Every structure is written in structure tokens, then in C-alpha cells.
Amino acid sequence: MNDSVFRFLLRYQYAEQTLGRYMRDTGVLKSDRESGLSYMRGDGCVRVSWIYIPYTVLPGYTEAMLSQMESEAKSASNNEFLAMTHRVVPDAYTDAELDRGFYIGEYQLDPYYVALTETAFSLEEGETSSWIDSGDGRYLVRRLPKDEAYLSDEKNLADFTEYYLLNTFYGMLAEEGARIALTVNYTEAHAALSFDSIKMP
């Protein structure tokens, strides 16, 4: 990475953070309790868990081992599947995270994990995917029913608000990006694009 690319990425990240803060402060992004809970309970958010094998340790698994794990995962009950998530890479997540599962929206995760997100939303409750490659590893994904006890616990409201804001903000950016992509002249846009005018503190 050269210096120009590094400076561009720094300005991009700062612009993103500034825009997100402005949209929240002006009310474009609703950060109230009701918006967060509505998002968590709605169809735009799903609860999943996954058996995760990082690429760094994947060479230690034969195809026969992976096939056996997939077969066991697909036939497991939801509780059995959650127990299986602890066995592969126990230090990748906390026990509490693995027991709870993960609540994700269409735009909540980094685009690096787009295959993970698409798979999560393609599954029916109780269904398990085949192995997928996403981000930095391979995953078996199980879609789970939402846990009302977790959603009703007041101490989790801050997390719900964060998930909601992330998903809504990046969803807005994705929609605007798709709209611009229909009309933009890429050569002109590339020549004009610059974050040099953005002054970071």
C-alpha cells in the first residue's frame, strides 16, 4: 500500500464516520429504543449461528472430515448445533456469543462477508447450509428462531441500537451507490473523485 492509497483510505473512513454521526444527530437515523427493537424483531434481521474454520487451520481438515461435520450439522437439533459451534475454534468467539447466536441484517456485516449474509437470509428456520467460503474462512450456517428472552432483556438495548444503525446506514449507502451506478460515467468519476478536501482533526 503506497502513501496515496493510505491517505485516501484514512479520509474515506473519516468521511464515513462523519456522515454517520451527522445522520444520527439530525434524526435521519433513528437511534431510539423502538427502532432498534423493531429492527431486531423484523424480517430485515435474522438469527443464525455457524461452525467456522479459519483458512489458517483449514489444511488440517480432510474433505472426509468436512463432509462428516456437514452431515452431523444438518441432522442436529438447534441445541445440538449450538453445542457443535464450540468444538471447532473455541477461542474465535466467547461462549456467550456461541450460545446466543448472531443477529445480522442484510447490510450489517462488512461486505467482506457478503456470502455469509446472503446464505443467512436464504435459509429457512432450522435449515443448515453446506460449507461456504466467506471472509477469512469456511462456514456451516444454521438459521435459528429468534430468542424472545434475549430480545426482551433491557441490558441488550445498546447492542440492538448499534446493529440497527449499522444496517440502516450501510443500507442507505448501498441504495445510493446502486442509483449512482446506473448513470455514472466511470472514467469521469474516477478522475474527479478526491477526498483531499476533507480535513481530518
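Before any of the text, the structure's been laid out above.
Here's a quick rundown of the structure. The structure displayed is predicted, hence computed values, not measured ones.

### Here's the deal with the overall build of the protein chain
(1) Moving on: When helices and strands are tallied, the protein chain shows nine helices and four strands.
(2) Moving on: Ordered by position from the N terminus, the helices and strands of the protein chain form the series α-α-β-α-α-α-β-α-β-β-α-α-α.
(3) Moving on: Among the 201 residues that make up the protein chain, the fraction classed as buried is 35%.
(4) Moving on: Across the protein chain, contacts joining residues at least 24 apart in sequence account for 70% of those joining residues at least 6 apart.
(5) Moving on: Of the accessible surface of the protein chain, which amounts to about 12,100 Å², a share of 54% is contributed by carbon and sulfur atoms.

### So, the environment of Tyr-112
(1) Moving on: Its place among the elements puts Tyr-112 in the loop between β2 (102-105) and α6 (114-122).
(2) Moving on: Separated by 22 residues in sequence, Tyr-112 and Ser-134 have C-alpha atoms that sit 7.2 Å apart.
(3) Moving on: Dropping the residues within four chain positions of it, Tyr-112 is found in contact with Ser-134, Gly-135 and Asp-136.

### Remarks on the side chain of Asn-156
(1) Moving on: Looking at the secondary structure, you find Asn-156 in the loop between α7 (148-151) and α8 (157-181).
(2) Moving on: Within the local environment of Asn-156, its side chain forms a polar contact with the backbone oxygen of Tyr-150, the two atoms lying 3.0 Å apart.

### Focus: the nonpolar core
(1) Moving on: Core analysis: the biggest nonpolar cluster contains 15 residues, and Tyr-39, Met-40, Tyr-103, Tyr-150, Leu-151 and Phe-160 have the highest contact counts within it.
(2) Moving on: Put simply, the parts of the chain that give this core at least two residues each are α2 (33-41), α7 and α8.
(3) Moving on: When residues of this core are assigned to their parent elements, the largest contribution, six residues, is made by α8.
(4) Moving on: If we ignore the near neighbours within four places in the chain, the residues touching Tyr-150 are Met-40, Arg-100, Tyr-103, Asn-156, Phe-160 and Tyr-163.
(5) Moving on: Among the nonpolar cores identified, the runner-up in size contains 13 residues, and Leu-58, Ala-73, Met-84 and Trp-131 belong to it.

### A few points about the pairing of strand β1 (residues 45-54)
(1) Moving on: Within β1, 10 of the 10 residues are buried, leaving the element largely enclosed by the surrounding structure.
(2) Moving on: Burial along β1 is two-sided: Cys-45, Arg-47, Ser-49, Ile-51 and Ile-53 facing one way and Val-46, Val-48, Trp-50, Tyr-52 and Pro-54 facing the other are all buried.
(3) Moving on: Two strands pair when backbone bridges link them, and β1 and β2 are joined in this way by four bridges, in the antiparallel orientation. Its bridge partner lying in β2, Val-48 is registered against Phe-102.
(4) Moving on: Strand direction decides the pairing type here: β1 and strand β4 (residues 137-144), joined by eight bridges, are antiparallel. Its bridge partner lying in β4, Val-48 is registered against Arg-143.

### Some thoughts on the packing of aromatic side chains
Aromatic rings in a pair are described by how distant their centres are and how their planes are angled relative to each other.
(1) Moving on: Using the criterion set out here, one finds 10 aromatic pairs in the structure.
(2) Moving on: Taking the centre distance of 6.0 Å and the plane angle of 55° together, the rings of Tyr-39 and Tyr-164 count as tilted. With Tyr-39 in helix α2 and Tyr-164 in helix α8, the pair connects residues that are 125 residues apart, well separated along the chain.
(3) Moving on: On the accessibility criterion, Tyr-39 (9% relative accessible area) is buried.
(4) Moving on: Of the aromatic side chains, those joined through ring pairs into one cluster are Trp-50, Tyr-52, Tyr-93, Phe-102 and Tyr-139.

Basis of the calculations
- Counting starts from 1 at the beginning of each chain's written sequence and moves along it residue by residue.
- A pLDDT threshold of at least 70 governs which residues receive local features in this predicted model, and a stricter bar of 80 or more applies before side-chain atom pairs are shown or counted, although totals over entire chains, interfaces and linings include all residues.
- Working from all heavy atoms in the structure, the side-chain values ignore hydrogens and water.
- In DSSP terms, a helix is any run of H or I states spanning at least four residues, a strand is any run of E spanning at least two, and both are numbered starting from the N terminus.
- Remark: exposure states derive from per-residue accessible area (1.4 Å probe, protein chains only) relative to the maximum for the residue type, with buried under 20%, exposed over 50%, and partly exposed in between.
- It only takes one pair of heavy atoms within 4.5 Å for two residues to be counted as in contact.
- Accessibility throughout is a Shrake-Rupley quantity obtained with a 1.4 Å probe, and a residue counts as covered only by protein chains that appear here.
- Within 3.5 Å is the distance limit for a polar contact, defined as a pair of N or O atoms, with the added protein rule that one can donate a hydrogen and the other accept it, and that residues adjacent in sequence qualify only through two side-chain atoms.
- Only buried Ala, Val, Leu, Ile, Met, Phe, Trp, Tyr and Cys residues count toward a nonpolar core, and they belong to the same one when joined by side-chain atoms within 4.5 Å.
- Criterion used throughout: strands pair if DSSP finds at least two bridges between them.
- Here is the rule: rings of Phe, Tyr and Trp (six-membered ring for Trp) pair when centre to centre is within 6.5 Å. Planes less than 30 degrees apart are stacked, more than 60 are edge-to-face, and the remainder are tilted.

Interpretation note: all reported values are geometric properties and have no functional meaning in isolation.
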